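# Observations on the three-dimensional arrangement
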Amino acid sequence: MNLFTFLDLARQLSYGVQYTLELFFITLIFGLPLGLILGLIRNAGKNLVNTHIKILDDVLNTVISAVVGFYVWIMRGTPLLLQMVFVYFGLAVMQVAALDPFPAACVTFALNYAAYFCEIFRGGLLSVEKGQHEAASVLGFTPFKKTIHIIIPQMFRVCLPTLANECITLVKDTSLIYALSITEILTLATDAVRRTTSPAAYVVAAVFYLIFTFLITQFFKYLEKKFSF
Amino acid sequence: MNKTMIQVAGLCKHFGDVEVLRNVSFTVSKGETIAVIGPSGSGKSTMLRCLINLEKSDNGTIDIEGKTLCKDGIYQSKKACRSICAKMGMVFQNFNLFPHISVINNLIYAPHFVKRQDKKELIVKAHEILAKVGLSDKENAMPNELSGGQKQRVAIARALMMNPDMLLFDEPTSSLDPQLTGEVLAVMKELAMEKMTMIIVTHEMAFAREVADRILFMGENSILADDVPEKIFQNPNEKIAGFINSII
Ligand SMILES: Nc1ncnc2c1ncn2[C@@H]1O[C@H](COP(=O)(O)OP(=O)(O)OP(=O)(O)O)[C@@H](O)[C@H]1O
Ligand SMILES: [Mg+2]
């Protein structure tokens, strides 16, 4: 493969980069906040709802926590690819919703990754010492303000390495939308391989993913440094 | 007699089947420095944590500055409890500074976010309090850049920023080297001379004897003696003498 063919292939594949990038950022934009909310709910456990009526609190807390637990179990316990084809084909067959391939992929990815982020954040929340909660509460922080100003910033720092890992997995998972015939990098690379009867396009695709994951790694290194304490 | 700041009557506390506090009663007046001593596991920390609502008592009554935190084990609403306990500051054995923010932010976060006080004024006030605890040069340091004694002085400064009427200390020097202990005790001594109302759980007998107006001796889950230091140290009963000898 000479430089010219490499650049030519890179140009062809670059039309698919758009979908990869869009899916990546949409998943993070919706998946991270949803995951954080779910993580906070799971972490709050018995202290989530507080109506002063003990039985009502117990019932609501148990139900909410079970629902979130069930959601996480389903999302992490079944393949992302299966979830995606279910949202795309399954819902259409059931005449529930007929989504275009790309929106279907975005919805599935955001919901799926939210479950993983939920567990990452829950781990981070657990790692914040009990003394931090006590110090904040003694200083008069309400549980909400304590979470925002004291707990989440500390949790975030702890979660960064795992989040970096998850983002790298996400980059590679974006290639799954190949199954919905979306013209992302892998689809275009396969087309090119068929046309040129050479696997060079796959190498070029690999380079794209490598560059992308390298940039993510660097970005997280920067974040870890910035938020170190 | 000065105004009553804390009145505890019949306080009881269990952790599961373990009885930790049995019928604890005492009163603290304004300006008093109370030292709480006693063997490990006698419930000193638990008693202190009940006062500031970090533990819930099972039974008994706690009045803070005339306001009832709990009566016969029944608590006020969370909001009411928060406002009653806002009169008190607490200093922990292991400091519990917020590690992700600088010293000055540790001082101004709570008054800024909880009481919505003006940041500029808080910074001026923080400088005064940092000077008082001898840490003017550390305002921009992160907590993990400080020695244990410095951390504890920041923790005291942080509590003072909320203008508390009372301070509770749970073994503030127990995780410090002897040299660093002195600098923290000096700050506490100054507060005692300014007539800050304080309850100090401590194993520093010399400090308790010198600074405290009264000593509570806890053992077997309740208060076995409540008296001025001279009485406690000069004519100790059998149990107190045993305890004092065991730690010297
Ligand atoms: N959260 C808890 N759950 C169960 N048991 C507890 C808890 N906290 C304290 N205890 C028990 O309560 C008893 C009193 O503990 P506490 O910490 O109040 O004692 P202390 O007098 O402060 O002792 P020390 O001098 O060692 O700090 C101990 O037997 C301890 O094991
Ligand atoms: Mg203790």
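Computed from a predicted structure; not experimentally measured.

### Some remarks on the overall build of chain B
- Looking only at helices and strands, chain B features nine helices and 11 strands.
- Since a compact globule built from 248 residues should have a radius of gyration of about 18 Å, the 18 Å found for chain B is in line with a globular shape.
- Each principal axis of the C-alpha distribution contributes one length, and for chain B these read about 50 × 45 × 40 Å.
- Burial status across chain B gives 55% buried among its 248 residues.

### Digging into the overall build of chain A
- Helix and strand content of chain A: eight helices and zero strands.
- Listed by position from the N terminus, the elements making up chain A come as α-α-α-α-α-α-α-α.
- C-alpha extents for chain A along the principal axes are approximately 70 × 50 × 20 Å.
- Counting the 229 residues in chain A, one finds 42% classified as buried.
- Within chain A, residue pairs in contact and separated by at least 24 positions form 77% of the contacts whose partners lie at least 6 positions apart.
- For chain A, the accessible surface area stands at approximately 12,300 Å², while carbon and sulfur atoms represent 70% of it.
- Of the charged side chains in chain A, 16 are positive and 13 negative, and the gap between their average positions amounts to 7 Å.

### A word on the interface of chain B and chain A
- Opposite the 24 residues of chain B that make contact, chain A presents 22 residues.
- Each partner contributes to the roughly 2,000 Å² buried at the junction of chain B and chain A, and carbon and sulfur atoms together form 65% of this total.
- Sorting the residues of chain B by area buried against chain A places R82, F98 and H100 of chain B first, and these three jointly supply 27% of that buried surface.
- Where chain B touches chain A, the interface holds one salt bridge.
- Viewed at the interface, chain A and chain B are joined by seven residue pairs in polar contact (both at pLDDT 80 or more).
- Across the side of chain B that touches chain A, the residue classes break down as 14 nonpolar, five polar and five charged.

### Notes on the site of ligand 1
Residues and elements named next belong to chain B.
- Around ligand 1, a shell composed of F15, V20, P39, S40, G41, S42, G43, K44, S45, T46, E171 and H203 is seen.
- The backbone of S42 places a nitrogen or oxygen atom 3.3 Å from an oxygen atom of ligand 1.
- At 2.7 Å from an oxygen atom of ligand 1 is found a side-chain nitrogen or oxygen belonging to S45.
- With the chains in place, 59% of the 630 Å² that ligand 1 exposes on its own is no longer accessible.
- In terms of residues, the shell around ligand 1 owes the most to one element, helix α1 (residues 44-51), which gives three residues.

### Describing the sheet that holds strand β5 (residues 67-71) of chain B
All names here are of chain B.
- Spatially, the five strands line up as an open sheet ordered β2-β1-β4-β5-β6, and their pairing is antiparallel. For this open sheet the edge positions go to β2 (18-29) and β6 (74-75), each flanked by a neighbour on one side alone.
- The pairing of strand β4 (residues 59-64) with β5 spans three bridges and is classified as antiparallel. Following the sheet pairing, I64 is matched in β5 by K67.
- In the packing of α1 onto the sheet, contacts are made with β1 (4-15), β2, β4 and β5, and the angle to β2 comes to roughly 60 degrees.
- Contacting β4, β5 and β6, helix α2 (residues 78-85) runs over the sheet at an angle of about 125 degrees to β5.

### A word on the state of the cysteines
- Counted according to the given criterion, the structure contains zero disulfides over all chains.
- Here C106 of chain A is not disulfide-linked; the sulfur of C167 of chain A is the nearest cysteine sulfur, at 16 Å.
- Look at C106 of chain A and you get buried, because its relative accessible area is 9%.
- Left unpaired, C81 of chain B is separated from the closest cysteine sulfur, that of C85 of chain B, by 6.2 Å.

### Considering the sheet that holds strand β9 (residues 197-201) of chain B
Residue and element names in this part refer to chain B.
- Spatially, the six strands line up as an open sheet ordered β7-β8-β9-β3-β10-β11, and their pairing is mixed. With one partner strand each, in any of the chains shown, β7 (88-91) and β11 (222-227) form the two edges of the open sheet. Strand-to-strand twist of the sheet, defined as the mean angle between neighbouring strand axes without regard to direction, takes the value 15 degrees.
- Against the sheet, α1 contacts β3 (33-37), β7, β8 (166-170), β9 and β10 (214-219), and its axis sits at roughly 150 degrees relative to β8.

### Topic: the packing of helix α1 (residues 3-44) of chain A against helix α7 (residues 185-196) of chain A
Residue and element names in this part refer to chain A.
- Packing of α1 against α7 brings their axes to within 7 Å, and their N-to-C directions diverge by 155 degrees. Our classification of the angle between α1 and α7 gives roughly antiparallel. When α1 is examined against α7, the residues L9, Q12, L13, Y15, G16, V17 and T20 are found in contact with a partner set consisting of I185, L188, A189, A192 and R195.
- Taken together, the residues that form the contact of α1 with α7 break down as eight nonpolar, three polar and one charged.

### Observations regarding the environment of F86 of chain A
All names here are of chain A.
- As for its position among the elements, F86 is in helix α3 (residues 80-93).
- By relative accessible area, F86 is classed as partly exposed at 45%.
- Residues F86 and T108, spaced 22 residues apart in sequence, show a C-alpha to C-alpha distance of 9.1 Å.

### Some thoughts on the pairing of β3 of chain B
All names here are of chain B.
- Summarising burial for β3: five of the five residues are buried, a large majority.
- One ladder, built from four bridges, connects β3 with β9; its direction is parallel. Note on β9: the bridge partner recorded for T33 is M198.
- Two strands pair when backbone bridges link them, and β3 and β10 are joined in this way by four bridges, in the parallel orientation.

### Brief notes about the pattern of salt bridges
- Counting across every chain of the model gives 14 salt bridges over all chains.
- Ionic pairing is found between K130 of chain A and E134 of chain A, a salt bridge with its closest N-O pair at 3.5 Å. In this pair, K130 of chain A and E134 of chain A both sit in helix α5 (residues 130-138), four residues apart, roughly one turn of the helix.
- The class for K130 of chain A is exposed, based on a relative accessible area of 59%.
- Residues E183 of chain B and R153 of chain B are paired through a salt bridge, measuring 2.9 Å at the closest nitrogen-oxygen approach.

Analysis parameters
Residues numbered from 1 in each chain as written. Chains lettered and ligands numbered in written order. Predicted model: local features only at pLDDT ≥ 70, side-chain atom pairs only at ≥ 80, totals over all residues. Heavy atoms only, no water. Helix = DSSP H or I, 4+ residues; strand = E, 2+ residues; numbered from the N terminus. Rg over C-alpha atoms; globule rule 2.2 N^0.38 Å. Buried < 20%, exposed > 50% of the residue type's maximum accessible area, 1.4 Å probe, protein only. Contact = heavy atoms within 4.5 Å. Areas by Shrake-Rupley, 256 points an atom, 1.4 Å probe, with all protein chains shown as cover. Lys, Arg positive; Asp, Glu negative; His and termini not counted. Charge placed at Lys NZ, Arg CZ, Asp CG, Glu CD. Buried area = accessible area lost by both parts, 1.4 Å probe. Salt bridge = Lys/Arg side-chain N within 4 Å of Asp/Glu carboxyl O. Polar contact = N/O pair within 3.5 Å; in protein donor to acceptor, adjacent residues only side chain to side chain. Nonpolar A, V, L, I, M, F, W, Y, C, P; charged D, E, K, R; others polar. Near = heavy atom within 4 Å. Pairing = 2+ DSSP bridges. Axes fitted to C-alpha atoms, helices over the stretch in contact; angles between N-to-C directions. Disulfide = S-S within 2.5 Å. Parallel < 35°, antiparallel > 145°, perpendicular 65-115°, else oblique.

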